[in-house]
Amino acid sequence: MTEQSQVSNSPSETPGKVSFLAVVNRAGQLDRDAIQDNMRNPPRRCQNSKANYCACDECSRVADANRAYKDAGLPVRQRMNVPGEDHAEWYAALEKCKDKLGDGFIIALLGNRGTGKTQIAAGLIRAACAGGIYSCRYTLAFDFFLELRHHMKDGKGEDHVIREYTKSALLVIDEADVRGHSEWEDRNLTHLIDKRYGAMLDTLLISNSLPDRFVELIGPSVSDRLRECGGVIECNWKSFRGN
């Protein structure tokens, strides 16, 4: 595994160059073309900044993107490492996800433990931040349900949590199959994904389950959305752990 950088901190050849396009259009929706263009031309610190950031637009955007990446809630281990360049299948899976950013996708990364699925999520969030999407969120499904229960007790209720999880332009739900599979959990997960589907917000689901089992676990409503908006990416290469 190699160390994963955030948005480039190396100086730009053009000090103060403004290359970012607005990622929200006049209708208040994410502009996929602007996001993709920004990812192809990520911000870089200008030459004037030297060791620190200056106040130019480029340096401000680098700082904003790095801050958003750090604040997304990713585990530190996955945030800091990616597979080596020889793992072509892993990088191909990441590129498939990146190509869909801003589409309102629902994609499931499925496969055995140790294949770098969470690190694909980290790479996707890093790309989203570089593309100007600063509202990214990573969570375990278990933690989402803990938060729901907590706010049921404090009086805010389930809708408060659903609204909070619908604010993120990109949401990653890891270990989506590690839960109690009660009717209450199924209903709330379906409700969240339906809300995000309606708002055309990107949602990435991660599970160690095989595709048939995963479809069974998430239910017909979510599986229909999945087929319509992105589908399954199988991470069936050899585990990175112990290599």
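If you're wondering where the values come from, they're calculated on a predicted model, not measured in any experiment.

Some points on the side chain of Glu185
Point 1. Mapped onto the elements of the fold, Glu185 is located in helix H8 (residues 183-198).
Point 2. Side chain to side chain, Glu185 and Arg149 meet in a polar contact 3.4 Å long.
Point 3. Sequence-distant contacts of Glu185, defined by excluding residues within four places in its chain, comprise Phe145, Arg149, Arg179 and Gly180.

Focus: the layout of surface pockets
Point 1. When its volume is computed, the largest pocket comes out at roughly 420 Å³.
Point 2. Residue lining of the largest pocket: 22 residues in total, with Gln78, Gly114, Gly116, Thr118 and Arg241 positioned closest to the centre.
Point 3. Mapped by element, the contributors of at least two residues to the lining of the largest pocket are helix H3 (76-80), helix H5 (117-130), strand E4 (136-140) and strand E6 (202-207).
Point 4. With three residues, H5 is the largest single contributor of residues to the lining of the largest pocket.
Point 5. Split into classes, the residues belonging to the lining of the largest pocket amount to six nonpolar, nine polar and seven charged.

A few points about unusual backbone geometry
Point 1. Residues other than glycine seldom take positive phi values, yet Glu175 does so here, at roughly 50 degrees.
Point 2. As for its position among the elements, Glu175 is in the loop between strand E5 (170-174) and H8.
Point 3. When its relative accessible area of 34% is taken as the criterion, Glu175 is described as partly exposed.
Point 4. Residue Met200 is not a glycine yet carries a positive backbone phi of 55 degrees.
Point 5. Within the fold, Met200 resides in the loop between H8 and E6.

A short note on the packing of aromatic side chains
Point 1. One pass over the structure, following the stated rule, counts four aromatic pairs.
Point 2. Here the aromatic rings of Phe145 and Trp184 are separated by 6.0 Å at their centres, their planes lie at 50 degrees, and the arrangement is tilted. Note that Phe145 is positioned in helix H6 (residues 141-153) and Trp184 in helix H8, a separation of 39 residues in sequence. The residues Phe145 and Trp184 share a single accessibility class, namely buried.
Point 3. When the ring centre of Tyr165 is taken as origin, the NZ or CZ atom of Arg137, which lies over that ring, is 3.8 Å away.

Looking at the environment of Ile106
Point 1. Within the secondary structure layout, Ile106 lies in strand E3 (residues 106-111).
Point 2. Note on Ile106: relative accessible area 1%, which makes it buried.
Point 3. Separated by 122 residues in sequence, Ile106 and Glu228 have C-alpha atoms that sit 8.2 Å apart.

Remarks on helix H9 (residues 211-229)
Residues that lie three or four places apart on an α-helix share one face, since the helix turns once every 3.6 residues.
Point 1. The end-to-end C-alpha separation of H9 is 16 Å, well short of the 27 Å expected for 19 residues at 1.5 Å each.
Point 2. At Gly219, H9 shows its maximal kink, close to 120 degrees; a proline, Pro220, follows between one and four residues later.
Point 3. If you check which residues of H9 are buried, you get Phe214, Leu217, Ile218, Gly219, Val222, Ser223, Leu226 and Cys229.
Point 4. Two residues or fewer past H9, Gly231 is found with a positive phi of approximately 85 degrees.

What counts, and at which threshold
- Residues numbered from 1 in each chain as written.
- Predicted model: local features only at pLDDT ≥ 70, side-chain atom pairs only at ≥ 80, totals over all residues.
- Heavy atoms only, no water.
- Helix = DSSP H or I, 4+ residues; strand = E, 2+ residues; numbered from the N terminus.
- Polar contact = N/O pair within 3.5 Å; in protein donor to acceptor, adjacent residues only side chain to side chain.
- Contact = heavy atoms within 4.5 Å.
- 1 Å grid on protein atoms, 1.4 Å probe; cavity = no way out; pocket = protein on both sides within 12 Å on 5 of 7 lines; lining within 4 Å.
- Points joined across faces, edges and corners; volume = space filled by probe spheres on them.
- Nonpolar A, V, L, I, M, F, W, Y, C, P; charged D, E, K, R; others polar.
- Buried < 20%, exposed > 50% of the residue type's maximum accessible area, 1.4 Å probe, protein only.
- Phe/Tyr/Trp six-rings, centres within 6.5 Å; stacked < 30°, edge-to-face > 60°.
- Lys NZ or Arg CZ within 6 Å of the ring centre and 35° of its normal.
- Expected span 1.5 Å × (residues − 1).
- Bend = angle between axes of the 7 residues up to and from the residue.

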